[in-house]
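Topology and contacts: notes
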Amino acid sequence: MELTRRDALAALSGTGIALGSGVAALSRESVDANEAGPSLDHTLATLTAAAEVVYPNEVEGIEAFVESYSLGRVEGREGYLAGLRDAVAGLDETALSWEDARFAALAADRRDTVLRQLGVHTADEDPDGTLAERIRYYVVNELLYALYASPTGGELVGIENPQGHPGGVASYQRGPR
Amino acid sequence: MTDVCVVGAGPAGALVADRLAADGHDVTILEAGPRFDETPDTERMERSIRPGHAPTEVWDMGGPRDAYSASGPDFYPLNVARVKGVGGTTNHWQGMVYRLHEADLSGENNAPAWPLSYDDLRPYYIEAERAFGVAGASDNPYAPPREEPHPLPAFPPSHSDSLFADACESVGVTTHAAPNARNSEPYDDRAACVGYGTCKPVCASGAKYSANHTVRQAEAKGVDLVTQAPVQRFETDAAGERVTRAVYVHDGAERTIEAEQFVLAAGGVEIPRLLLLSASDAHPDGLANSSGLVGRYFHDHLFAGMGGTLDEPTRQNHVGFITTESHQFYDDPGAGTGEIPTRDGDLAPFKLEFLNYAGPSPVAMALREDTWGDELRDRLADAYGTHIAMGGLVGQPPLARNRITLDESRTDNHGNPVPDVVWEVDEKTRRTIERANEIQCAILEALGVDIEWTAGPEDTGPAYHHMGTTRMSRDPDAGVVRPDCRTHDVGNLWVASSSVFPNGGALNPTLTIGALALLCADGVDASL
C-alpha cells in the first residue's frame, strides 16, 4: 500500500490546514532560525522513524507522506510545534540513555522496544502529560490519525471513507466491493 | 433603549431575532458564550475523535461558568448536553428534525395537551424547515400531513438500511426516510454534506444546520449581537408587570440593557434558572412564577437501543447521520404485527432508528489501542465491518417532581447559585423502553444478528432534549407562558424554547423549537 504526498494532502484537508505552495520552505526557515531544540529536519526524521514502527509493514512511501503531513501540521501552530519538538527531544534523550543513539538512528526493532519500554503503547495521549503521554499525543497518535483518517489508511482496515475524511456521501450507500 | 432584547443565540434566539429584524425592529442579542469562529471546525472535529480531549472540550464547555448539580435519583450529564455560544446547542446536535404528531399536541400520547393544534403550528413548521434546510422525503405514513415537499431531497438510504429492509418487512415493520437538517445539496449559501462522519458533535463542512448561520443572517439585517454577555437577572417595574432591564456582565463589568420586549431563548435549563434568579418583592418565588411551575416538569427523551454483529459487511461509520427510521409504533406503542406481540398497558410514544454508525470507528479505535504496526491493523480490521445496531427515542412523561431548581450551596463564576437538575426515569418510560427493545430484538433476530448489547431500562440515557420547564397553558395556574409564548405574569417577557413544551412527544425537538420561535416572533411583533 503506497502512501503519497497526495494522501498527505487528503489527510491534512481533514484537519483544517490551509496549504499554500510555500508551506515547506516557510516552516523550515521559521523553525530553524527562531527556535531551540531539535531541528525541523531531525523532527521530521524522527516522526518518519516512528511511523516505520507504528504503521503496518505493507505501507510504503512513508517518508514523503510524513514530511508533507507534518509540515502542514506545524505551519502557523507554534504551540503545537513546541510540544512536538519537546516530545522528540525527550524521546531522543531516552534513546541515548538506553541505546546510545538518538531514536531515528536506531534499528526498527530497537525503536519499537524504546517506545514500549517507555510505556507509550499503554499511555493515554495527553499534550501536557508525562513523557510517554506526550509522545503518544505528538508522535504515535499524530501518525496514526494521519494514516487511519485517510482513505488509503482506511482501506487497510476496510473503510475507504473514514471519520475525519471528507470522502463524500456515495460510499455509505454502496455495498461491499 | 432597543425594541427587543433576546437572551441566547441558539436556534430559538436566532430565529426570533432574524424575524423581528426583518419586520423592521431594533434587536439586540445577549449571548453568554463566545463566537466559535477562532478555532476551525476541523480542529474541533479532531478533538472529537482523539482521546486526549474530553467531550466537553470540543465546544469549550465546563469550568466555573457551567457548574451545575444533579441531585435527583438519576444523574444528568448537563455539560455534554448543551453548548454555550453563538449557535447554541445546534453546534453539536445531530440535526434530526421532525414535526410533532397531532396525538402529541392533543395529549393522547403523553399528557398534557398543548393549547396549540397541529394546524396552528403548520405554517411555522414549513418556515422552520426552510430556515434549517431540511432534507426529507414525504414517504413517512405515520407523520402528520404536509403541505409541500421538504426543502431538500432526502439523503438516499444506506447499505445497512437495505439490509434492514427485508428483515423489517418479514416482521411487519414499515420503514421510511429520516429527515435531516443537513444539506443533501447546496442550500442557502451552505455546502452539501461531504461525509466527514462526525456530525455529532462537529460538522466541519457547514452542511449541517447551525444557528450561527441564522445569526449571521440576522446581523446582516442589523441585529446587534453581544457575546460573552451572560445575563444575571431581570429587573421589573415596581408592580412587577413589565421587565425594565436585563442585567448582564460583559468585559468584567455589570451592565444593563433596556428594551420594550424581552425574549428568553437560553434553553430549558438556563431559562428557569434565570427566572428563579430574578426573584423580587413583586415576584418572590421567581419572575413569572405565580404558578409555581417555573423549573418543574423537566423531561427528556430516553435512548433505547440494541446491536451486535452480522456475518457480512455492514458499511458503518462512513457518515454520522441516520437515513432510515420507523415511526410505526409512535402513536400506538402497544400495537402488534403478525410477528411482534401486542402489549397492553400504559406506554409512551417512541420511534425506531436504524444506525449508520454502529460499532467502532477505526481511526478512533486506533488511537486507543495498546499496540501498533501490523498487530494494530489486524485488530482494526477484525473489529470493523460487521457491526449493526438500532436506536430509538422514548418520550418521557412530564412529571412535576423532575425539575430545575437553584442549588444555593454552590455558585458559578459570577456568584449565582448553579442549576440543580433533579431528574428521574419513571416507570412508564422504563416500560416503554422495554417495548422498544422487544421490537428491536424481533427485527435484529429476523436479520440474523448476533445480538451483543442492549440499552434497556437500566442502562438508558437522556437524548439531551431539555423540555417542559416553563410549560405553556391557557390557564395561568397551570402554566408559565400563554399559547403565544408570552409569560402570563409579565406583559413584555416572552419565552422561545423547548421549555414551553407541555409535553415533548418522542421526536427530537429542534424543529418545533424553531416553529415556536417564529410564532413567538409574530407575537412580539404584534406587541410593538
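If you're wondering where the values come from, they're calculated on a predicted model, not measured in any experiment.

1. Remarks on the interface of chain B and chain A
How big an interface is tends to be stated in terms of the accessible area lost upon association of its parts. Counting residues at the interface gives 46 residues for chain B and 47 residues for chain A. Taking both partners together, chain B and chain A bury about 3900 Å²; carbon and sulfur atoms supply 55% of that area. At the boundary of chain B and chain A, one finds five salt bridges. Residue B:R315 pairs with A:E160 through a salt bridge whose shortest N-O separation is 2.7 Å.

2. Focus on the side chain of B:H283
Residue and element names in this part refer to chain B. Position of H283 relative to the elements: it lies in the loop between helix 7 (267-277) and strand 10 (301-303). A residue is classified by how much of its surface remains accessible, and H283, at 8% relative accessible area, is buried. At 2.7 Å, the side chain of H283 forms a polar contact with the backbone oxygen of G240.

3. Brief notes about the pairing of strand 11 (residues 305-309) of chain B
Residues and elements named next belong to chain B. Taking burial as the measure, the five residues of strand 11 include five buried ones, the bulk of the element. Burial along strand 11 is two-sided: the face carrying G305, G307 and T309 and the face carrying M306 and G308 are both buried. Two strands pair when backbone bridges link them, and strand 11 and strand 17 (residues 450-455) are joined in this way by five bridges, in the antiparallel orientation. Each bridged residue has a counterpart across the sheet, and for T309 the counterpart in strand 17 is D450. Where strand 11 meets strand 14 (residues 387-395), four bridges bridge the pair, whose relative direction is antiparallel. Bridging across to strand 14, T309 finds its partner in H387.

4. Focus: the domain arrangement of chain B
All names here are of chain B. Per the domain assignment, the segments of chain B are domain 1 (1-134 + 201-300 + 398-423 + 466-528) and domain 2 (142-179 + 302-395 + 425-461). Once you take the C-alpha centre of each, domain 1 and domain 2 turn out to be 30 Å apart. Counting residues at the interface gives 32 residues for domain 1, matched by 39 residues for domain 2. Between domain 1 and domain 2 the total buried area reaches about 2800 Å² when both faces are included, carbon and sulfur atoms providing 54% of it. When the buried area of domain 1 at its contact with domain 2 is split by residue, H101, V134 and A506 rank highest and sum to 19% of it. At the junction of domain 1 with domain 2, the criterion picks out five salt bridges. Between R146 and E129 there is a salt bridge, and its shortest N-O distance comes to 2.9 Å. Every element with two or more residues in the side of domain 1 that touches domain 2 is listed here: helix 3 (102-105) and helix 4 (118-132). The dominant element in the side of domain 1 that touches domain 2, judged by the number of residues it contributes, is helix 4, at five residues.

5. Description of empty space enclosed by the protein
Residues and elements named next belong to chain B. In the structure shown here, the tally under the stated rule is one cavity of 30 Å³ or more. The volume enclosed by the largest cavity comes to roughly 90 Å³. Along the wall of the largest cavity there are 13 residues; nearest its centre are C193, Y196, G197, C199 and C203.

6. Let's talk about the environment of B:R35
Residues and elements named next belong to chain B. Among the secondary structure elements, R35 is positioned in the loop between strand 2 (27-30) and helix 2 (41-49). Separated by 191 residues in the primary sequence, R35 and V226 place their C-alpha atoms 9.7 Å from one another. If we ignore the near neighbours within four places in the chain, the residues touching R35 are V86, E219, L225 and T227. There is a polar contact of 2.7 Å between the side chain of R35 and the side chain of E219.

Procedures and definitions
Residues numbered from 1 in each chain as written. Chains lettered and ligands numbered in written order. Predicted model: local features only at pLDDT ≥ 70, side-chain atom pairs only at ≥ 80, totals over all residues. Heavy atoms only, no water. Contact = heavy atoms within 4.5 Å. Buried area = accessible area lost by both parts, 1.4 Å probe. Salt bridge = Lys/Arg side-chain N within 4 Å of Asp/Glu carboxyl O. Helix = DSSP H or I, 4+ residues; strand = E, 2+ residues; numbered from the N terminus. Buried < 20%, exposed > 50% of the residue type's maximum accessible area, 1.4 Å probe, protein only. Polar contact = N/O pair within 3.5 Å; in protein donor to acceptor, adjacent residues only side chain to side chain. Pairing = 2+ DSSP bridges. Domains from an automatic or database assignment. 1 Å grid on protein atoms, 1.4 Å probe; cavity = no way out; pocket = protein on both sides within 12 Å on 5 of 7 lines; lining within 4 Å. Points joined across faces, edges and corners; volume = space filled by probe spheres on them.

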